[in-house]
Amino acid sequence: MIEILRADITALKVDAIVNAANNSLLGGGGVDGAIHRAAGPELLEFNRTLGGCGTGQVKLSPGFSLPARWIIHTVGPIWHGGEKGEAELLGKCYRNSFQLALTHDIKTIAFPGISTGIYGYPKESAAKIALTVMQQYEAQLILIISCCFSMEDVDIYSRELEKLRQ
Ligand code: AR6
């Protein structure tokens, strides 16, 4: 089941939340900053051992002080106009997150809109990619949450999901 929810992702009690991180995995602004604050300083300490993360790739950490058991860190592409493989890389973030989830018995997972904040990816096209991959894995998980931070994002994701379901 795919659910579009307006929430602070750090408050969700799911098996895993996904972090829209940067290549260093050492924290930043946006959802990444919120996750580091809520998980506590052990997260930074742990992530120092991970050796960073390539764009489109994923790394796993415990959730530490979060209600979620795991954090899947992924690095979305920076939007450069759409001709630099952004769509392919964004799709990889979602696919690789699901592949990692499946090997760790993760049945409930929440995603933020990867790349749609500081990295500038246009929201409609990002939502379409996110929801298309979510649909491909829907049968293998119990709950996939598309976590939106604003009502505007809820509207965008709901519209795109409706189009895909038709
Ligand atoms: N819960 C859910 N969604 C959130 C939250 C939250 N607490 N906070 C922000 N969002 P962004 P990016 C939404 O900028 O574009 C960091 O500095 C936000 O409204 O967090 O992938 C990293 O270290 C937007 O829809 O991630 C990187 O340097 C979405 O999360 C860079 O930003 C993603 O926005 C990554 O940029």
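Now for a description of the structure that goes with this document. (Residues numbered from 1 in each chain as written. Predicted model: local features only at pLDDT ≥ 70, side-chain atom pairs only at ≥ 80, totals over all residues. Heavy atoms only, no water.)

Moving on: the packing of aromatic side chains. Evaluated as defined, the whole model comprises 5 aromatic pairs. Site record: aromatic cluster; members linked through ring pairs are Tyr94, Phe98, Phe111 and Tyr137. (Phe/Tyr/Trp six-rings, centres within 6.5 Å; stacked < 30°, edge-to-face > 60°.)

With mixed pairing, the 6 strands of this open sheet are ordered in space as β1-β6-β5-β2-β4-β3. Two strands close off the open sheet at either side, each with one partner strand: β1 (2-6) and β3 (58-62). Each strand of the sheet is rotated relative to its neighbour by a mean of 25°, with strand direction disregarded. By the bridge criterion, 2 bridges tie strand β2 (residues 16-20) to strand β5 (residues 108-111) in an arrangement that is parallel. Pairing of Ala16 across the sheet is with Ile109, part of β5. On top of the sheet, helix α1 (residues 30-39) reaches β2 and β4 (70-74); it is set at about 130° to β2, its chief contact. Set on the sheet, helix α5 (residues 151-165) makes contact with β1 and β6 (143-148); between it and β1 the angle comes to about 165°. (Pairing = 2+ DSSP bridges. Helix = DSSP H or I, 4+ residues; strand = E, 2+ residues; numbered from the N terminus. Axes fitted to C-alpha atoms, helices over the stretch in contact; angles between N-to-C directions. Contact = heavy atoms within 4.5 Å.)

With that settled, the discussion passes to the site of the ligand. Residues in contact with the ligand amount to 22 residues; listed here are only the nearest, Asn22, Gly29, Val31, Asp32 and Ile118. Here Asp32 contributes a side-chain N or O atom positioned 2.7 Å from an oxygen atom of the ligand. The separation between an oxygen atom of the ligand and a polar main-chain atom of Gly117 is 2.8 Å. Out of a free accessible area of 700 Å², the ligand has 90% covered by protein chains. Among the elements that make up the shell around the ligand, the one with the highest residue count is α1 (4 residues). A per-class count over the shell around the ligand returns 11 nonpolar, 8 polar and 3 charged. (Near = heavy atom within 4 Å. Polar contact = N/O pair within 3.5 Å; in protein donor to acceptor, adjacent residues only side chain to side chain. Areas by Shrake-Rupley, 256 points an atom, 1.4 Å probe, with all protein chains shown as cover. Nonpolar A, V, L, I, M, F, W, Y, C, P; charged D, E, K, R; others polar.)

Turning our attention to the side chain of Ser146. With respect to the helices and strands, the residue Ser146 is situated in strand β6. The exposure class assigned to Ser146 is buried, which follows from its relative accessible area of 3%. (Buried < 20%, exposed > 50% of the residue type's maximum accessible area, 1.4 Å probe, protein only.)

Let us look at helix α3 (residues 86-103). Here α3 contains 18 residues, and its C-alpha end-to-end distance of 26 Å stays within 8% of the 26 Å for a straight helix at 1.5 Å per residue. Every buried residue belonging to α3 is among Glu86, Leu90, Gly91, Cys93, Tyr94, Ser97, Phe98, Leu100 and Ala101, and all of these are buried. Buried residues along α3 sit against β2, β3, β4, β5, α4 (123-137) and β6. (Expected span 1.5 Å × (residues − 1).)

What follows concerns the environment of Ile142. Counting through the fold element by element, Ile142 comes out in the loop between α4 and β6. Residue classification places Ile142 among the exposed positions, given a relative accessible area of 55%. Not counting residues within four places of it along the chain, the set of residues in contact with Ile142 comprises Met1, Lys107 and Thr108.

Turning our attention to α1. For α1, the set of buried residues is Asp32, Gly33, Ala34, Ile35, His36 and Ala39. Gly40 sits one or two residues past α1 and shows a positive phi near 95°.

Now for the pairing of β6. The buried fraction of β6 amounts to 6 of the 6 residues, a majority that puts the element mostly inside the structure. In β6, alternate side chains face the same way, and those of Leu143, Ile145 and Cys147 on one face and Ile144, Ser146 and Cys148 on the other are all buried. Of the strand pairs in this sheet, β1 and β6 are connected by 5 bridges, and their pairing is parallel. The partner of Ile2 across the bridge, within β6, is Ile144. One crossover worth recording links β5 to the parallel β6 by way of α4, and it is right-handed. (Right-handed = clockwise from strand over helix to strand, strands pointing away.)

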